Structure formats: structure tokens, C-alpha cells
Amino acid sequence: MARWCYRHRLVVLLLWVGTVFGVGFAGSAAGTDYANTFSLPNTDSTRAYDLMEKAFPQSAGDTDTVVWKVDEGSVRDEAVRSRIEPALKEIGAMKGVGEVTDPYAADGAAQISENGRIAYAQVTFVEQANAVPKELVEDVVDTAQAAEQSGLQVELGGQAITRTQEPPTGIAEMVGIVAAAVVLFLAFGSLFAMLLPLVVAIAALGTGLMATSLLSHVTDVPEVAPLLGSLIGLGVGIDYALFIVTRHRRGILRGMKPEESAVVALNTSGRAVLFAGGTVCIALAGMLVMNMRFLDGVVIATSLTVVLSVLAAITLLPALLGLLGMRVLSRRQRRKLAATGPEPELTSGLAARWSAYVQKRPRAVAGLALVVMVILALPVLSIRLGATDQGNHQESTTTRQAYDLLAEGFGPGFNGPLQVVVSEGDAQGLVSRIESTEGVAQVAAVPPANGVTLIQVVPTTSPQSEKTDQLIDRLRDDVIPASGAEAHVGGVTAVFKDFAAVTGERLPYFVAAIISLGFLLLLVAFRSLVVPLTAALMNLIAAAASFGVLVAIFQWGWGTELIGIGKEGPITAFLPVIMLSLLFGLSMDYQVFLVSRMHEEWVHTKDNARAVRVGLAETSRVINCAALIMICVFSAFVLSGDMEGAMAGIGLAAAVALDAFILRTALVPAAMHLLGKSNWWLPDGLERRLPHLAVEPREEAVAEVPVEDDGPASVVHGFVRDTDGEPVAGAAVTLLSRGGRQLDRVVTLADGSYIVSVPAPGTYLLSASASSYGSRAGQVVVSEGPLVYDVELAEGELDSVN
């Protein structure tokens, strides 16, 4: 398929362009119909919601609030009324506004605080928040705030109002893309190579988001789902393309034709991308075992984006590689390749030095890395799940100001009233019992409908307070049973409390499921018991440390205002499930990429120390580069204007940083050095029963003339001479596989002779170079016996490798 896409690149590009614009047009025409369905089966808040829906069927839309406060006097003063009442009438006359409740009306006294300095009006739109035109909401905000004057403060709150404070759509994604572009350019040094992963990721992401908006019309997709889809899709889309492009560039630098290099890259790194993408999707699908309808839409959006990212990487990317040809290398690399010939596969620099250091001091490296992770994980012991609301917005926003004014005038519990729904029994007697309950500020009963009575209960504490949770428990466990009535406690605050409780109960089973899945996948892939056990332990350590960072920032408030994400509060209840799924998938990516190279070296040498050293040295740079891109992309979602998006972005950025820079480059290799050969132990009985799963084929398997694994070893020998027939001493002669892996390297003797060992019959690449001469390289086909191959070098001459 890779070769077909490479050769039919225009067809592939037209298909992708047609798909992107076709789905984009359909998504734009249909719009969105996102729905935040937080209800959970068999919970008290869900039973309350079901009763209310039957007894009080309403078609009214979103209800938002206008709040005003006077510094002196009363909101009843004529000077205040003369400014507020006309504004409320103007808002009520706007097309799209259904009703405005006026505190100055005969039945509006309850909408004025006891001290008379704060009042509010409720604006009910004819549509739900996500369907209200943004222009209408902006007109409401402008009209209300135009009534402000010295000594009179006007603020607005509600879901529709929040939309006016959101940054321009796509700004987080754009910042993430720009940051990723900088990292890619520094890594590749080529503009075209930098653009490849970005184009692939954007094509997949755009198609995925538009498809998600279409799916929102046929199933429940929460508003946060496309944001999370963007977050994970952009990260994995760029990273998957990065792995393939890196392998392709390396193949060209080792002397392969661009087409052959692309085919080899897709047949090796492309397989790893398929494995990694499938693993991420399986991890995301694991959220379905939580049996939460809210998460179903998140699974759809994120999995769809990941699938499209993989599809773009294995089809669109080879087509783009065909368009670029040799331009995937920088000009400097092309000039060097023309001047000196193919590069040998030598690992040097910081990665090699670090790998050698880990081998020499594995105990010190492992101990230090473990201490760092444990310290970062400590805050997770105090994690509290709940929900964020407008009280967590930045202090400068009108929604936060309105939230604070309502809390000041009517009590902190006013922003999250409880709804006690009574279906049978003495409702009035229950009202009396609730009034005398500790933690209750106000109680008001709505006239019954269809045999159901609704009691509004305002707590004395804020919706996010633990005391409010205790009040809900007190009502459910003591007050309602003692009254003899059949009643259920609902409302947004109760729904989120139940959501957090169910999440906490089911989370251990979810963690066990995804850890077990990862263990089985790695067991089959690497034929080892210790490697998957190590990976499982590392995943748990990474999860604990990343949640520790999340608690410190968002729950303890360490730097929330500094980085512009508002006030501290509980961790959103659904976030641990989503983060664990994504973290599991991304960790598997890095683990497979790292350990597969170690496993390859172990199979060839049976030397654990060498396998770990070489694997770390050759993969750490790409892993760190990929991690840096993901960190940039995830961190940019702080700018999304969404608290859940900011939490997910910061949490995943911390998780990727800790996983790549501490676990995969320090703790994992150090532990593998300490464990020695036991890393690769697998009982014989289990070995025979396990299916064989090859993450990557051996590079020789993709050569035009295959290498027979069981064929006899041989040699290539001959002389290196100049154009006058004089021997060239000290010339470097390198034997490479067709995939670019160095098999042997020698230096010619005084008479120009050399001999390199060949593992088995097949087609190889032989290159020779000397400092005072040019370079020459070409294919050699080795049969059963030794091959004589002489090389002639000339000053300033080069031989392009085909």
C-alpha cells in the first residue's frame, strides 16, 4: 500500500482533499448538537431528574443571570431602577429571548438581597446555551453592562454568557501547531520535512472534528469531546508522522532511493504506528466499561481522531513523501550526501553518552528518578473529585464577578441549589425537616404537578465545598428516610457528586483492565514476563506523578492565577478516566519504540547490557523530540478558555514529560540494567502457546533480495585503490543492510585491502570513503561463497547511491 500511495500520490492527495473539504462542508452546514448528559443509571440524582422531567416538562432554553450591586444606598433607589429597568426591557424584547424575571415586579422581592444592595434578574433564552447565537448573547451583555455607572456594578453569569469569554476558536490548536513547528524545524533542519507531520496531523484533525460534529446529531456527544479530540489528535498525529519521516530520512541518508526508503519506513515505523494507534484506541474504548453515558461521546470523538491520524500517516504521508523526493532532507544534508556518500549508522553525541552513564550507574539513576516521581506523586493522596463551575473562572471575567456577587448577596450555596423531588408522602413535613437541617440556608417548595413536588434547597456552603457533599448525604441518609416520604436529591451539584462517587468506585477496575491489557500486548510483542511487568509499574508511577502535579496546580492552587486558569477547585470527576486512557496509550507508544530496539539487539547479541545501551542511545532522541512536541501541543490548551481542557492539557503535558524524560530515558533502562538477562525470561510452555506478533519486521526482510536467516555467513573482501591503482590505506569501508543498519565497519590496511563479514546471502550496501578522497558506494549481492569487490576512489569524486 505504501508503494501504491507513493506512486499514485496525486490520486491520494485528491482523495484526502475531497474528504477534508467534503466532511468540513457537511459539518459546517449541519452545525453541532452537543449535549452534556451527566446522568448515571441507578443513582439518586438520576431518579430525581427522571421524576422532574415527567412532572415538569419544559421546552424553555438556557437561563442566565444579570446581577447588579450598588456601593451605597439600595438597588430599589430610583436612580438605580431608572438605569436597570430599561435595560431589562430591551433585553426582553430581543429576538431569541423568551422571558426576563424582574426583581422590581410584584413577585420579585426574593431576587433582592436582605441588605438591599444586590439584586439579580434571570434571562431565559428560547434555545439551549450551545444553540443561542453568539451575537444575541453579546447584545445581552452589552445592553446590561451599558447600565453601569459610578457606584453601580453590573455583571452577568450563565452558560450562554460564558461563550462570550471564550478565546477565538482554534487558538489553542494554532499555538500548539506553531510550537510543534519550531521543534520539528530544529529537529529536521528542513522546512519541507517540518511541514509533513503538520499537514498530516491537520488533515486528520480537521476531518475528525467535522465528523464528530456530524455524529453529535445522532448520539450524545459532550461539548468537551471535540476539545479532547483536538488535544489527543494533534499530539499523536504529529508524533506518528514524525516517527515515519525520521525513518524515511535515515534511509535516504544511508543510501536508499526515496521510494524504497518510504516503503521501508512505512513497513517498519508504519507498523509501529498501526500498533500504537490501535493500542490508544483500545485504551480509549476502555472508558466504556465505566458505563457512563457522558464518556461514550468522548470515546467516539477521541478514537475517531486517532484512527484518522493513523490513516493519514500510512496513506497521505507516503503520497507527500513522493511529492518531495530528496527535498525531505535539508540542503546541507543533500550536499553532504553528494560529497561524502551514505552515512554509517553510528550513534554518538549526548544520547550515547547518557546511555553509557546509565549503564555505569544504574542504581544511582534509578534511585534518583524514583525519588523524583514519588515526590511529585505525593499530592495525589489528597485528590478530591468534583466539578468546576464559574466560581473557578478568572477574577477578571464577568461570570466570576456575577458568581461572587450572588454568593455575597444570597449566600455561597445560591450558585448550586439542591432539588429534592418528592413523589410520595408528606412534602410539607419534609420541608419543615429540611429547614431545621444543619447546613441549609433557604428552602422553598414549588406547587406540585402530576403528583410530584419540587423543593429547592439552598445550602449554606458553596457547590464545591465538602460540607455541601455532607449535606447531600445527610438529606439522603437521615432527613428523607425519617420523614417517611419518597424523595430523591437532584440538581447539578448532586449530579456531579454522584458522578464523582461512581468514578471513584469504578476507577480501580478500569485501571486494572487497561494495565492488564498493556501487560498482555507487551507479553506477546516482546516474549517476556519482566518487560510488561516493568511497563505496568511504570504506567502506575507515571499516572500517580501526573495526577500529583494536577492536584498541586488545580486543587491546591499553586500558580493557577499566574498561568491564567482561574481559581483552584476539585479535579473534574471524569478527568482521571480520560487521562488514564490517553496516558496508557501514549506510554505504550514510547515503551514499544524503546524496547523494540532493545529487543532487536538482544535477539542478535544475547547481551542485555549492550541491548539496553544501544536501544536507549538510538531511540531516546526521537522519543524526547516526540514528547517535546506533545508537551507543546498539550500545554497550549491552557488557552482554550475551558477549565476541563486546561486540566487535561496540563495533566497530559506533565504525564508525557515525566514519562519520556524520567521514566523512558532513566528509570526503565536503569531497571533493565539491574535486572540483567531476566528481562527477557519467558517460560518455555508459555512461549509455545503465545501467538507471534511482530511490531516491526527485520529490515533485511524488506530488501529486494531477501536475506535468509538460516543461510551461511560469508564475507566481502577486496582492495580500495585510487585512479592510478595505488592502494588507499585508512579508508573506511562499511557494510549496511538495505534498511540502513550498519552490519560491519573496517579500515583498510597499508596495501588497501579490507574484509567485512556478511551474516547471510542477500543484497547489501557497501560504501568506502577516505578523508583525502571522495566516496563511492553501491549494492553488492552475496551468494553462498565470499565475494571479491574492489573499490576505486578519486579525489573530489562521488558516487550517488541508488
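Relevant structure appears above.
Residues numbered from 1 in each chain as written. Predicted model: local features only at pLDDT ≥ 70, side-chain atom pairs only at ≥ 80, totals over all residues. Heavy atoms only, no water.

Colleague: I'd like a description of the overall build of the protein, backed by residues and values.
Modeller: Assigned secondary structure in the protein consists of 23 helices and 18 strands. Each principal axis of the C-alpha distribution contributes one length, and for the protein these read about 110 × 55 × 45 Å. Across the protein, the fraction of contacts at a sequence separation of at least 24, relative to all contacts at a separation of at least 6, is 76%. A total of about 33400 Å² of accessible surface is found on the protein, and carbon and sulfur atoms cover 57% of it. Distance between charge centres in the protein, computed from 56 positive and 79 negative side chains, equals 10 Å. (Helix = DSSP H or I, 4+ residues; strand = E, 2+ residues; numbered from the N terminus. Contact = heavy atoms within 4.5 Å. Areas by Shrake-Rupley, 256 points an atom, 1.4 Å probe, with all protein chains shown as cover. Lys, Arg positive; Asp, Glu negative; His and termini not counted. Charge placed at Lys NZ, Arg CZ, Asp CG, Glu CD.)

Colleague: Outline the nonpolar core, supporting the account with residue identities and numerical values.
Modeller: Residues I238, M287, L295, F554, I629 and F634 are the most contacted members of the largest nonpolar core, which totals 160 residues. Ranked by residue count, the leading element in this core is helix α22 (residues 643-675), at 18 residues. Residues within four places of I629 in sequence aside, it is in contact with A180, V183, L184, I238, D239 and L242. (Core = buried A, V, L, I, M, F, W, Y, C linked by side-chain atoms within 4.5 Å. Buried < 20%, exposed > 50% of the residue type's maximum accessible area, 1.4 Å probe, protein only.)

Colleague: Run through the sheet that holds strand β9 (residues 486-490), naming residues and quoting values.
Modeller: Read from one edge of the open sheet, 4 strands run β7-β8-β6-β9, paired in antiparallel fashion. Two strands lie at the open edges of the sheet, namely β7 (440-449) and β9, each paired on one side alone. Strand-to-strand, the axes of this sheet are offset by a mean angle of 20°, without reference to chain direction. The sheet strands contacting helix α17 (residues 466-483) are β6 (418-424), β7, β8 (452-459) and β9, and the helix crosses β9 at an angle near 175°. (Pairing = 2+ DSSP bridges. Axes fitted to C-alpha atoms, helices over the stretch in contact; angles between N-to-C directions.)

Colleague: Give me the lowdown on the packing of helix α9 (residues 224-253) against helix α21 (residues 608-635), citing residues and values where you can.
Modeller: Where α9 contacts α21, the two axes come as close as 9 Å, and the packing angle between them is 155°. Judged by the inter-axis angle, α9 sits roughly antiparallel to α21. Where α9 crosses over α21, the two elements pack in a sense that is right-handed. Residues L231, I232, L234, G235, V236, I238, D239, L242, F243 and T246 of α9 touch α21, and the partners they reach there are V622, C625, A626, I629, M630, V633 and F634. Of the residues that constitute the contact of α9 with α21, the class distribution is 14 nonpolar, 2 polar and 1 charged. (Parallel < 35°, antiparallel > 145°, perpendicular 65-115°, else oblique. Left-handed = near helix turned anticlockwise from the far one by under 90°. Nonpolar A, V, L, I, M, F, W, Y, C, P; charged D, E, K, R; others polar.)

Colleague: So what's going on with the packing of helix α10 (residues 258-285) against helix α11 (residues 293-324)? Which residues, and what values?
Modeller: Taken N-terminus to C-terminus, the directions of α10 and α11 make an angle of 175°; their axes are 9 Å apart at the nearest point. Between α10 and α11, the angle is such that the two are roughly antiparallel. Here A262, L266, G270, V273, L274, G277, V280, C281, L284 and A285 of α10 come into contact with α11, specifically with V299, T302, S303, V306, V307, V310, A313, I314, P318 and L321. Residue composition of the contact of α10 with α11, by class: 16 nonpolar, 4 polar and no charged.

Colleague: Would you mind going over the sheet that holds strand β15 (residues 762-769) in detail, with residue names and values included?
Modeller: Spatially, the 4 strands line up as an open sheet ordered β13-β12-β15-β16, and their pairing is antiparallel. The open sheet is flanked by β13 (742-747) and β16 (775-782), the only strands paired with a single partner. Direction aside, neighbouring strands of the sheet carry axes that sit 20° apart on average. In the sheet, strand β12 (residues 732-736) pairs with β15 via 5 bridges, with the strands oriented antiparallel. Note that in β15 the partner of L735 across the bridge is L766.

Colleague: Explain the environment of A501 to me, using residue names and the numbers behind them.
Modeller: Mapped onto the elements, A501 comes out in helix α18 (residues 492-526). Judged by relative accessible area, A501 falls into the partly exposed class, the value being 35%. Placed 116 residues apart in sequence, A501 and L385 show a C-alpha to C-alpha distance of 8.1 Å.

Colleague: Just give me the short version of the state of the cysteines, but keep the residues and values in it.
Modeller: Using the criterion set out here, one finds 0 disulfides in the structure. Of all cysteine sulfurs in the structure, the one in C632 sits closest to C625, which takes part in no disulfide; the separation is 9.7 Å. For C625, a relative accessible area of 14% corresponds to the buried category. The class of C632 is partly exposed, set by a relative accessible area of 21%. (Disulfide = S-S within 2.5 Å.)

Colleague: I'd like a rundown of the packing of aromatic side chains, residues and numbers included.
Modeller: Overall, the coordinates contain 7 aromatic pairs when judged by the stated rule. Between W354 and Y357, the ring centres sit 5.7 Å apart and the planes meet at 20°, which makes this aromatic pair stacked. Taken as a pair, W354 and Y357 lie in helix α13 (residues 350-360) at a separation of 3 residues, close to a single helical turn. Residue Y357 is classed as partly exposed on the basis of its relative accessible area of 36%. (Phe/Tyr/Trp six-rings, centres within 6.5 Å; stacked < 30°, edge-to-face > 60°.)

Colleague: Lay out the pattern of salt bridges with the relevant residues and their values.
Modeller: Under the counting rule described, the total for this entry stands at 11 salt bridges. Across the salt bridge formed by R3 and E259, the nearest N and O atoms sit 3.2 Å from each other. Of this pair, R3 sits in helix α1 (residues 2-7) while E259 sits in helix α10, placing them 256 residues apart in sequence. (Salt bridge = Lys/Arg side-chain N within 4 Å of Asp/Glu carboxyl O.)

Colleague: Describe in detail a nonpolar patch on the surface, supporting the description with residues and values.
Modeller: Taken together, the side chains of M174, V178, V182, F185, L186, L191, F192, L195 and V199 present a nonpolar region at the surface, about 830 Å² in accessible area. Elements with a contribution of two residues or more to the nonpolar patch: α7 (171-188) and α8 (191-215). When residues of the nonpolar patch are assigned to their parent elements, the largest contribution, 5 residues, is made by α7. Its place among the elements puts M174 in helix α7. (Patch = residues over 30% accessible without salt bridge, like charges linked within 9 Å, V, L, I, M, F, W, Y side chains within 5 Å.)

Colleague: I'd love a proper account of the side chain of D239, names of residues and values included.
Modeller: Counting through the fold element by element, D239 comes out in helix α9. Buried charged residue D239 carries no salt bridge. Nearest counter-charge: R664, at 12 Å. Within polar-contact distance, the side chain of D239 engages the side chain of Y590 at 3.5 Å. Dropping the residues within four chain positions of it, D239 is found in contact with Y590, A626, I629 and M630. (Polar contact = N/O pair within 3.5 Å; in protein donor to acceptor, adjacent residues only side chain to side chain.)

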